[in-house]
Amino acid sequence: MKSKQKQTPTEIIDNQRQAVVEKIIEDMKRDGLRWAEPYLPSLTPHNPVSGTVYQGGNRMHLGFIGFMRGYTDNRWATFNQIKDAGWHVKKGAKSALIEKWKQFAFYKENEDTGEKELAGRYPKLVGYWNVFNAEDIEGIPPENAPVHQNDRTAIIAQNLEESSRCPIIESTSYLGSAAYSPATDRILIAPRETFLSDETFTRVLLHEMTHSTGHPSALNRGCNTDFGSPEYAQEELVAELGSLFLSADLGIQNTDYEGEHYENHVSYLQSWMHALEDDPSYLFKAAAKADKAGTLIIGRYNDVLEKRHDRDVERAPEKVSLKGEVAAMKGASKSHDEQAKVPEIAVSAR
């Protein structure tokens, strides 16, 4: 009976990633998956009553207002919500405005078939509300916000930053966000301490580092940056699969691809399926690109580790054997005694 031929490390990784993509396709068909915020809630404007996490323009607006007024609490609620909860707005408190927009579709008739077809979408303002910050609300209980968790991935993140093919800028200017800028070829990311943990920071960093490999000086993926386009969606798939693959390769995540972290990835990918025309083949194409990106990132990462190891070897002091040192000291002492006796013998001979 023939024994199974042993797989090479490359084949093992390729088969593992193929299985991951197939599992993602299967799991993307499920409902109920949600995307978890990687940032500390205290740094993200949110509503303590409805649980809404403000996004887009509202996020930017509330963040700016909070900064200008010196708020350290990022909870905001409407007057009616405050009243219904039994709280009270402080006298003289100023509100901030939030908006709600919806996308509406418009259609046109196909000249050949006579059927109406989707021609595009347009945004429309459907409402706005005044909200008050928690620091201007009497009776609201303090928020038990989580703190940043340090873990073993901190050193991995540091090595990744050192190995990055483009500059990585950590700044409070990017609180609650992370992005790769193709125009300046830089990664812009919130400080790591503003993430839920070193691990979530590292995973988001891997997502953006995968994006950065699409630059013309690297893998030149020629990405379309038009939000919502199939090309843009596929690039997001590349970055998310890159983060998923690299997390496993670096030992950040278990290879069984289960649990909250995996579901967060799947739900993020699921959110792009409308732009991909429900064509799972895009995932396989994206996986191939993610694999190339991962190879580039891991190669540079390993180069950093190898250079650091070489430097450490050069700087390392010569290993000293205690037993050898004792023997050497005895030998030196005996030699010194013999040399000291020679003049005495010479003098006596005279």
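Further up the page is the structure itself.
This write-up is about the structure you can find in this document.

Reading the values: rules and limits
- Residues numbered from 1 in each chain as written.
- Predicted model: local features only at pLDDT ≥ 70, side-chain atom pairs only at ≥ 80, totals over all residues.
- Heavy atoms only, no water.
- Helix = DSSP H or I, 4+ residues; strand = E, 2+ residues; numbered from the N terminus.
- Buried < 20%, exposed > 50% of the residue type's maximum accessible area, 1.4 Å probe, protein only.
- Contact = heavy atoms within 4.5 Å.
- Areas by Shrake-Rupley, 256 points an atom, 1.4 Å probe, with all protein chains shown as cover.
- Pairing = 2+ DSSP bridges.
- Core = buried A, V, L, I, M, F, W, Y, C linked by side-chain atoms within 4.5 Å.

## Comments concerning the overall build of the protein chain
Each helix and strand counted, the protein chain has nine helices and eight strands in total. Across the 350 residues in the protein chain, those meeting the buried criterion constitute 37%. Considering only residue pairs separated by 6 or more positions, the protein chain has 70% of its internal contacts joining residues 24 or more positions apart. With the model as given, the accessible surface of the protein chain reaches about 22,000 Å², and the carbon-plus-sulfur share is 53%.

## Side note on the environment of Phe-132
Note on placement: Phe-132 falls in strand β4 (residues 116–133). When its relative accessible area of 12% is taken as the criterion, Phe-132 is described as buried. Along the sequence, Phe-132 and Asn-47 sit 85 residues apart, while their C-alpha atoms lie 9.9 Å from each other. With residues near it in sequence (within four places) discarded, Phe-132 still touches Arg-75, Trp-76, Ala-77, Phe-79, Ile-82, Val-89, Ala-93, Lys-94, Ser-95 and Ile-137.

## Some remarks on the pairing of β4
One ladder, built from three bridges, connects strand β1 (residues 76–78) with β4; its direction is antiparallel. Pairing of Ala-77 across the sheet is with Phe-132, part of β4. Both strand β3 (residues 96–109) and β4 contribute to a ladder of 14 bridges, which runs antiparallel. Paired with Lys-108 across the strands is Glu-117, a residue of β4.

## Some thoughts on the pairing of strand β7 (residues 178–181)
Note: β7 against strand β8 (residues 186–189), four bridges, orientation antiparallel. Bridge pairing in β8 links Ala-178 to Ile-189. In sequence, β7 turns back onto β8 through a hairpin of four residues, with Asp-185 there showing a positive phi of about 50°.

## Describing the side chain of Ser-197
Looking at the secondary structure, you find Ser-197 in the loop between β8 and α5 (198–212). If we skip the residues at most four places from it in the chain, Ser-197 touches His-148, Gln-149 and Asp-151.

## A short note on the environment of Asp-198
Take Asp-198: it is sitting in helix α5. With relative accessibility at 5%, the residue Asp-198 sits in the buried group. As for Asp-198 and Gln-149, which are separated by 49 residues in sequence, their C-alpha atoms are 6.5 Å apart. Look past the residues within four positions of Asp-198 in its chain and what remains in contact with it is His-148, Gln-149, Asn-150, Asp-151, Thr-153 and Ala-154.

## Considering the nonpolar core
Among the nonpolar cores identified, the biggest contains 21 residues, and Leu-160, Ile-189, Phe-195, Leu-205 and Leu-250 are the most heavily contacted of them. Those elements giving two or more residues to this core turn out to be α4 (153–163), β8, α5 and α8 (281–315). Sorting elements by how many residues they give to this core places α5 first, with five residues. Dropping the residues within four chain positions of it, Leu-205 is found in contact with Ala-157, Leu-160, Glu-161, Ile-168 and Ile-189.

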